[in-house]
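Read off the chains here:
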Amino acid sequence: MLFSNASFKGVSFIKSTFVIFFLLSSLGQVMAGEDPLASWNETETKQALLGFVEKVCRIDGPDYVPPAERIATFDNDGTLWVEKMLYFQILFTLDRVKELLPEHPEWKDTEPFKTVLSGDPDALASIGEKGFEQILMATYGGESIDAYRAIARTWLRTAKHPRFDQPYIELAYLPMIELMDYLRAHEFKVYIASAGGLEFMRSIAEEVYHVPPEKVIGSDFVTTYELREGKHVLIRNPTLFFDNNHANKPVGIHRRIGRRPIMAFGNSDADFEMLEWVTEGDGLRLGAFVHHTDSAREWAYDRDSKMVGTLDKGLDEAPLRGWLLIDMKKDWKQMFSFEKKESIEVPALLKN
């Protein structure tokens, strides 16, 4: 006889112990949030994202993409964090107008500053892009890059959004942060490519999205190298150097990266050309719009949104081009990290 009864009992004990260990291990993984996209609901959108990554990473598969070419670009405003009521950078700049008013009393009677100081939200809409650009350059031109980043970082950490009563830095979308982390875990290089100000985003990109400053692409001002108070510094001048928006997004991405990404994420028609360019490349590609459909947890808007985040052409073209429409209400289980997390159900087998 090869095994005695005692041996069989030992094997049985080992098997039982292994089963218990496996169940406890599995529960531990659930408790630890092993699902890389835990804040996403189990929808077709989530499966499409996971499936795409699995295909391009399968070394023996027909859609394999070498790590060096695994590049994903993300818009920022409305894609990675809230963009209503106004873009955060605009709100930051409006606060700066009030702060600098003692140094510029003429602003009380000069447009567009007069409108900003009136506090009338409807009137702000009349300022337009040129007006906001003028304010932006007047309030932050001539400062060093380091000083600007420090001011922006402090504001994002301390000022609070009027609807959520949370610091602006807390209003990043948890599902998108998870997605970025998941891509990096699969050897993707993740970039932010936004129309937002380059240094404004760089001030917190690493802290919030785990994206280092060198992987942020944005609109930029003319920068000069100067000697000030005995030290050489980089100075932001009040002249726009590059507007990283619409058709300029592919240009900005190419200038910075030198490769065409294989994934692109946006939320408005301002991102259309980025998705178009990325998905027209060779091989397997993925483009996606974050569709704002949740008025309870955030806002619901697309075609009729005038000030920010208009999604009209993109809404029509996405199904025709095979782009994903990430439905906030349907696809996201949890939107922000400060929301109450759902309790985890313990398997019945382990309750006794």
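The residue numbering used here restarts from 1 in each chain and proceeds along that chain's sequence as written. Note on the predicted model: pLDDT of at least 70 is required for a residue's local features to be given, and 80 or more for side-chain atom pairs to be given and counted; whole-chain, interface and lining totals, by contrast, use all residues. Excluded from the side-chain calculation are hydrogens and water; included are all heavy atoms of the structure.

1. Looking at the layout of surface pockets
Once rolled over the atoms, a probe with the size of a water molecule shows which space is left empty.
Here is step 1 of the chain: Cavities and pockets were defined on a 1 Å grid built from protein atoms only: a cavity is a group of points that admits a 1.4 Å probe but offers it no way out, a pocket is an open group of points flanked by protein on both sides within 12 Å along at least five of seven lines, and a lining residue is one with an atom within 4 Å of any such point. Grid points are joined across faces, edges and corners, and a volume is the space filled by probe spheres set on the points. One number sums up the size of the largest pocket: a volume of about 1,000 Å³.
Here is step 2 of the chain: Taken together, 40 residues line the largest pocket, and the ones lying closest to its centre are Tyr 87, Ile 90, Glu 129, Ala 195 and Asn 245.
Here is step 3 of the chain: Comment: elements are numbered from the N terminus, with helices defined as DSSP H or I runs of at least four residues and strands as E runs of at least two. Contributions of two or more residues to the lining of the largest pocket are made by helix H3 (88-100), helix H6 (128-140), strand S2 (189-197), helix H9 (198-202) and strand S3 (216-228).
Here is step 4 of the chain: Take the lining of the largest pocket: its biggest share by element is 7 residues, from H6.
Here is step 5 of the chain: Partitioned by chemical class, the residues of the lining of the largest pocket number 15 nonpolar, 14 polar and 11 charged. Residues are grouped as follows: Ala, Val, Leu, Ile, Met, Phe, Trp, Tyr, Cys and Pro are nonpolar; Asp, Glu, Lys and Arg are charged; all remaining types, including Gly, are polar.

2. Notes on the pairing of strand S4 (residues 231-242)
Here is step 1 of the chain: Between any two strands, pairing holds if DSSP finds at least two bridges. Bridge count for S3 against S4 is 8 bridges, and the pairing is antiparallel. Counted as the bridge partner of Asp 220 is Phe 242 from S4.
Here is step 2 of the chain: The turn linking S3 back onto S4 is made up of 2 residues, and Glu 229 within it adopts a positive phi angle of 55°.

3. Here we look at H6
Here is step 1 of the chain: The span one expects for a helix is its residue count, reduced by one, times 1.5 Å. Spanning 13 residues, H6 covers 19 Å between terminal C-alpha atoms, matching the ideal 18 Å at 1.5 Å per step.
Here is step 2 of the chain: Three labels apply to residues, based on accessible area from a 1.4 Å probe with only protein chains included: buried if under 20% of the type maximum, exposed if over 50%, partly exposed otherwise in between. Turning to H6, its buried residues number three or more, namely Gly 131, Phe 132, Ile 135, Leu 136, Met 137, Thr 139 and Tyr 140.
Here is step 3 of the chain: Two residues qualify as a contact provided that any one of their heavy atoms is within 4.5 Å of a heavy atom in the partner residue. Buried residues along H6 sit in contact with H3, helix H4 (113-118), helix H5 (121-124), helix H7 (145-158), S3 and S4.
Here is step 4 of the chain: One or two steps after H6, the chain reaches Gly 142, where phi turns positive at roughly 90°.

4. Structural notes on the confidence of the model for the chain
Here is step 1 of the chain: Residue-level confidence of the predictor is what pLDDT reports, using numbers from 0 through 100. Summing up the model confidence of the chain, the mean pLDDT is 88 and the portion of residues at 70 or higher is 87%.
Here is step 2 of the chain: A low-confidence stretch, residues 1-33 stays under pLDDT 50, and its non-local contacts, those more than four residues away or across chains, total 8 contacts.
Here is step 3 of the chain: In this model residues 342-352 is a low-confidence stretch, pLDDT under 50, and it forms 9 contacts with partners more than four residues away in sequence or in other chains.

5. Focus: H7
Here is step 1 of the chain: Over its 14 residues, H7 extends 20 Å from the first C-alpha to the last, a length consistent with the 20 Å expected when each residue adds 1.5 Å.
Here is step 2 of the chain: Within H7, burial applies to Ile 145, Tyr 148, Arg 149, Ala 152, Trp 155 and Leu 156. Seen along its axis, H7 keeps its buried residues to an arc of 130°; they face one direction. Opposite its buried face, H7 presents the exposed residues Asp 146 and Thr 158, each directed more than 90 degrees away.
Here is step 3 of the chain: Packed against the buried residues of H7 are H3, H6, H9 and S4. Directions are taken from the helix axis to each C-beta atom, and the arc is the one they span.

6. Brief notes about the side chain of Ser 194
Here is step 1 of the chain: Assignment of secondary structure puts Ser 194 in strand S2.
Here is step 2 of the chain: If sequence neighbours within four positions are ignored, Ser 194 has contacts with Asp 75, Asn 76, Asp 77, Met 201, Ile 217, Gly 218, Ser 219, Asn 244 and Lys 249.

7. Regarding the environment of Glu 111
Here is step 1 of the chain: For Glu 111, the position within the fold is in the loop between H3 and H4.
Here is step 2 of the chain: Judged by relative accessible area, which is 45%, Glu 111 ranks as partly exposed.
Here is step 3 of the chain: Distance in space between the C-alpha atoms of Glu 111 and Gly 131 is 8.2 Å, their sequence separation being 20 residues.
Here is step 4 of the chain: Polar contacts, as counted here, are pairs of nitrogen or oxygen atoms within 3.5 Å of one another; within protein the pair requires one atom able to donate a hydrogen and one able to accept it, and residues that are adjacent in sequence qualify only if both atoms are side-chain atoms. One polar contact links Glu 111 to Thr 115, side chain to side chain, over a distance of 2.7 Å.

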